[in-house]
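# Analysis of the macromolecular model
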Amino acid sequence: MKIFYSEQHRNHYPPYEVFDGGKRVPYFENPDRMDRILTALKTKEWGEFRLPQDFGLDPIRAIHDEGYLKFLASAWTEWLAMDPEIAATPERHAFLPATFALRRKTNRPTSSLHGRGGYYMMDLSACIVAGTYQSALTSAHCALSAADFTYNSKQSSFALCRPPGHHAGRDYAGGYCFINNAAVAANWLSAKAKVAILDIDYHGGNGTQDIFYERGDVLTISIHGDPDYEYPHYTGFADETGAGAGLGFHRNFPLPAGTGNEGYLAALDEALGLIRKVSPDFLVLSTGMDTFDGDPLGKFHVTREGFQEIGQRISGLRTPTVIVMEGGYANAALGENILTLLENFK
Ligand SMILES: [Zn+2]
């Protein structure tokens with residue numbers, strides 16, 4: 001199996017994040033996650049690492065707002081230029097907004113850095129540091145490279161993306177995500193063939209949902225912790241099924257806290273039934289491992305045997321699949337867990 005990966009992500013490692021309730025904690029979405037996965041993959045002969053190709057900005061601009069991308073590109077240097085104290089000790093800081101634009105009001109500030117921060121960021125986890133923008137671009141290029149490979153070979157591939165992407169919308173960052181890698185890859189594929197996105201990260205894929213919500217050409221499905229108790233809190237409910245031309249082309253499967261293999265697999269079977277009905281040429285699988293029993297950011301109890309079964313059932317679609325890495329924070333188990341899933345697609 002081809003694995004598209006770059007070391008560039010190491011330059012995105014914020015020194016902290018502001019967690020629920022305002023607690024300042026070490027950054028959960030850290031390079032150690034990738035190291036655990038790399039260690040596990042390197043024990044297997046079937047994994048072949050490839051560097052991503054540079055697809056330029058066009059496929060990313062096709063998904064993300066121009067003002068938002070410019071903000072991502074310049075926020076860090078703008079902040080350093082504004083504040084000599086920050087500029088003197090950049091390694092201790094991360095850019096975050098202190099106010100948020102309620103999207104009930106639509107005016108967009110264009111000059112204030114902090115105003116744009118609150119407009120373009122939905123929470124306090126998408127911390128921006130010096131290497132963030134380049135890392136996010138490279139991560140998207142990993143997903144595009146995997147999509148390109150899978151398109152040409154009709155074989156499944158793995159985009160080992162970091163930072164992840166599924167919480168990032170057209171014009172906002174959030175949930176450790178800046179550029180929506182899966183959405184960029186799926187959109188690129190959708191110009192050539194029929195594609196569906198299945199999101200199995202523990203958290204609702206709000207960014208992907210938003211991006212494709214009014215499109216009838218890409219079926220999007222997310223299975224996740226019910227937003228009534230879980231992040232991203234405001235979207236991912238069962239009654240959100242698309243709008244306009246996209247009505248009926250989005251489905252959420254919000255599941256209760258404590259969901260184990262059995263409950264998860266029942267929802268997965270229903271989701272796979274929907275995918276079979278549209279019979280896509282390609283599947284983009286937003287792959288979070290935070291459904292794992294014991295994940296510090298999750299409340300499900302999916303086990304390694306569960307991941308084996310999940311992988312088997314999804315690969316049973318016999319649809320060439322672009323597997324895009326999203327979340328998963330039980331670092332010690334992360335490598336073996338992703339391996340267990342991937343083995344089904346090799
Ligand atoms: Zn997640």
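To be clear, the structure that these remarks concern was listed above.
First things first, this report covers the structure right here in the doc. What you see is a predicted model; the values in this text were computed from it and never measured.

A count of helices and strands for the protein gives eleven helices and ten strands. Rg of the C-alpha trace for the protein: 19 Å, near the compact-globule value of 20 Å for 346 residues, within the 12% margin. Projecting the C-alpha coordinates of the protein onto the three principal axes gives extents of approximately 55 × 45 × 40 Å. Residues classed as buried in the protein amount to 60% of the 346 residues present.

Attention now goes to the coordination of the zinc ion. Within the protein, the zinc ion binds to Asp201 (OD), His203 (ND1) and Asp290 (OD); these donor distances fall in the range 2.0 to 2.1 Å. On the primary sequence, the residues serving as donors to the zinc ion are separated as D-x1-H-x86-D. Taken together, the residues His203 in the loop between β6 (195–199) and α8 (206–212) and Asp290 in the loop between β9 (282–287) and α10 (304–315) connect sequence positions 87 residues apart. Take His203 and Asp290: they sit in the same class, and that class is buried.

If you walk across this open sheet you meet the eight strands as β4-β1-β5-β10-β9-β6-β7-β8, and the pairing is parallel. Each edge of the open sheet is held by one strand with a lone partner, namely β4 (48–50) and β8 (250–255). Going across the sheet, the axis of each strand differs from the next one's by a mean of 20°, ignoring polarity.

What follows concerns helix α9 (residues 261–278). For α9, with 18 residues, the first-to-last C-alpha span of 26 Å sits near the 26 Å given by 1.5 Å per residue. Among the residues making up α9, those that are buried are Tyr264, Leu265, Ala267, Leu268, Ala271, Leu272 and Ile275. Each buried residue of α9 sits inside an arc of 160° when the element is viewed along its axis, so together they form one side. Those residues of α9 that are exposed and aimed more than 90 degrees away from the buried face are Glu262 and Lys277. If you follow the buried residues of α9, they end up packed against β6, β7 (218–225), β8, β9 and α10.

Before going further, it helps to spend a moment on helix α7 (residues 181–190). Among the ten residues in α7, ten count as buried, and that is most of the element. Within α7, burial applies to Asn181, Ala182, Ala183, Val184, Ala185, Ala186, Asn187, Trp188, Leu189 and Ser190.

Let us now look at the nonpolar core. In this structure, Phe71, Phe95, Ile128, Ile179 and Val284 are the most contacted members of the largest nonpolar core, which totals 59 residues. Those elements that place two or more of their residues in this core are α3 (66–82), α5 (113–120), α6 (132–153), α7, β6, α8, β9 and β10 (321–325). If you tally residues by element for this core, the top one is α6, at ten residues. If we skip the residues at most four places from it in the chain, Ile128 touches Phe71, Leu72, Ala75, Trp76, Ala94, Phe95, Met121 and Phe178. Grouped together as the second largest cluster of nonpolar side chains are 47 residues, Tyr5, Phe158, Met289 and Ala333 included.

The next subject is the packing of aromatic side chains. Within this structure, the stated rule accounts for 17 aromatic pairs. The ring of Tyr16 is capped by Arg24, whose NZ or CZ atom sits 3.7 Å from the centre of that ring.

Let us look at the state of the cysteines. Disulfide: a covalent bond formed between the sulfur atoms of two cysteine residues. In total, this model carries zero disulfides according to the counting rule given. Unpaired in this structure, Cys142 has its nearest cysteine sulfur neighbour in Cys161, at a distance of 5.4 Å. Cys142 sits in the buried class, given a relative accessible area of 2%. Considering cysteine sulfurs only, Cys161 is the nearest to Cys177, which forms no disulfide, with 10 Å between them. For Cys177, a relative accessible area of 1% corresponds to the buried category.

Definitions and limits used
Residues numbered from 1 in each chain as written. Predicted model: local features only at pLDDT ≥ 70, side-chain atom pairs only at ≥ 80, totals over all residues. Heavy atoms only, no water. Helix = DSSP H or I, 4+ residues; strand = E, 2+ residues; numbered from the N terminus. Rg over C-alpha atoms; globule rule 2.2 N^0.38 Å. Buried < 20%, exposed > 50% of the residue type's maximum accessible area, 1.4 Å probe, protein only. Donors = N, O, S within 2.8 Å, 3.2 Å for Na, K, Ca; no water. Pairing = 2+ DSSP bridges. Axes fitted to C-alpha atoms, helices over the stretch in contact; angles between N-to-C directions. Expected span 1.5 Å × (residues − 1). Arc of directions from axis to C-beta. Contact = heavy atoms within 4.5 Å. Core = buried A, V, L, I, M, F, W, Y, C linked by side-chain atoms within 4.5 Å. Phe/Tyr/Trp six-rings, centres within 6.5 Å; stacked < 30°, edge-to-face > 60°. Lys NZ or Arg CZ within 6 Å of the ring centre and 35° of its normal. Disulfide = S-S within 2.5 Å.

Read these as spatial facts, not as claims about activity.
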